[in-house]
Amino acid sequence: RGFVNKQASRAALLIVVAMLGLPYGGLGAQESLHTFIREGQPTSTLDIDNDSLLLRRDDGLYTSGVRFSRGYRLSSAEGWRTPGWRLGQQLYTPKDVRVRPENLAPLERPYAGWLYGGFFYNVTDVDGSELAFGLDVGCIGPCAGGRQTQSFVHKLFDQPEPRGWSTQIRNEVGVILRAGARAPY
């Protein structure tokens, strides 16, 4: 079991590292990723959502998420273009983490962690319209480190110790392709 976890973790890490090294398509002949990094306005964002920050004692299915992203915004006559990358972890648990694994209901949400890295490319026109694309690749299961993260945070905030991580879903590679659009103002 330890070998499988290590192999899944290594595979996810290699995919993320390889993906972050790929050139961004659609940037144009004169606009390489290096141009965006050299001339674009860098922006870093840290998103944290965690039910323990509200000092609640209920994990309510989605328990925690942490994302760090870095984008490079470059303006032009048409608007702005922003390529970037992101890393994150999300944790999902049953409603009550104090329930012993053998007492979990059959249809209860399973324990799961999602650890990922990805890239995005956003185009914002001067009229306010927007196109956004992204790809996240990562791992689901013990390779995501959900048990360790939730145990640490629950100790830090004096929350109940989660009891069911031994039942979490098995390791799998995950891929999420995102796309969205917004009409002009």
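Data block above holds the structure.
Only a predicted model underlies this, so the values are computations on that prediction, with no experimental measurement involved.

**Examining the pairing of strand β4 (residues 112-125)**
Among the 14 residues that make up β4, ten are buried, leaving the element largely enclosed by the rest of the structure. Where β4 and strand β5 (residues 130-140) come together, eleven bridges link them in antiparallel fashion. Within the sheet, the bridge partner assigned to Tyr116 lies in β5 and is Gly138. The hairpin formed by β4 and β5 contains four residues between the paired strands, and Gly128 there has a positive phi angle of roughly 95°.

**Some details on the layout of surface pockets**
Of the volumes computed, that of the largest pocket is approximately 200 Å³. Lining of the largest pocket is provided by 13 residues; of these, Thr43, Gly71, Thr82, Phe120 and Asn122 occupy positions nearest its centre. When contributions to the lining of the largest pocket are tallied by element, the ones reaching two or more residues are β1 (41-50), β2 (62-76) and β4. For the lining of the largest pocket, the element with the most residues is β2, which contributes five residues. Here the residues of the lining of the largest pocket are counted per class, giving two nonpolar, eight polar and three charged.

**Here we look at the sheet that holds β1**
As summarised here, the arrangement of the six strands in space is β1-β2-β3-β4-β5-β6, forming an open sheet in which the pairing is antiparallel. The open sheet has two free edges, formed respectively by β1 and β6 (172-182), since each of these has just one partner strand. For this sheet, the mean angle separating the axes of adjacent strands, direction not counted, is 15°. Pairing geometry for β2 and strand β3 (residues 79-92), over twelve bridges, is antiparallel. Bridge pairing in β3 places Tyr62 opposite Tyr92. Against the sheet, helix α3 (residues 146-156) touches β1, β2 and β3, its axis set at about 80° to β3.

**As for a nonpolar patch on the surface**
Judged by side-chain polarity, Leu46, Ile48, Val66 and Phe68 come together as a nonpolar surface patch covering roughly 350 Å² of accessible area. Taken together, the elements giving at least two residues each to the nonpolar patch come down to β1 and β2. Inspection of the secondary structure puts Val66 in strand β2.

**Structural notes on the packing of aromatic side chains**
The relation between two aromatic rings is expressed through the spacing of the ring centres and the mutual angle of the planes. This model, assessed by the stated rule, comprises three aromatic pairs. Consider the rings of Phe68 and Trp85, whose centres lie 5.6 Å apart with planes at 50°: the pair is tilted. With a gap of 17 residues between them, Phe68 in strand β2 and Trp85 in strand β3 connect regions that are remote in the sequence. Exposure remark for Trp85: the relative accessible area of 25% places this residue in the partly exposed category. Seen in terms of ring centroids, Trp114 and Tyr116 are 5.4 Å apart; in terms of plane orientation they differ by 15°. Their pairing is stacked. For the pair shown, Trp114 and Tyr116 are each scored as buried.

Criteria and cut-off values
Residues numbered from 1 in each chain as written. Predicted model: local features only at pLDDT ≥ 70, side-chain atom pairs only at ≥ 80, totals over all residues. Heavy atoms only, no water. Buried < 20%, exposed > 50% of the residue type's maximum accessible area, 1.4 Å probe, protein only. Helix = DSSP H or I, 4+ residues; strand = E, 2+ residues; numbered from the N terminus. Pairing = 2+ DSSP bridges. 1 Å grid on protein atoms, 1.4 Å probe; cavity = no way out; pocket = protein on both sides within 12 Å on 5 of 7 lines; lining within 4 Å. Points joined across faces, edges and corners; volume = space filled by probe spheres on them. Nonpolar A, V, L, I, M, F, W, Y, C, P; charged D, E, K, R; others polar. Axes fitted to C-alpha atoms, helices over the stretch in contact; angles between N-to-C directions. Contact = heavy atoms within 4.5 Å. Patch = residues over 30% accessible without salt bridge, like charges linked within 9 Å, V, L, I, M, F, W, Y side chains within 5 Å. Areas by Shrake-Rupley, 256 points an atom, 1.4 Å probe, with all protein chains shown as cover. Salt bridge = Lys/Arg side-chain N within 4 Å of Asp/Glu carboxyl O. Phe/Tyr/Trp six-rings, centres within 6.5 Å; stacked < 30°, edge-to-face > 60°.

Such coordinate-based values are descriptive only and should not be taken to indicate function.
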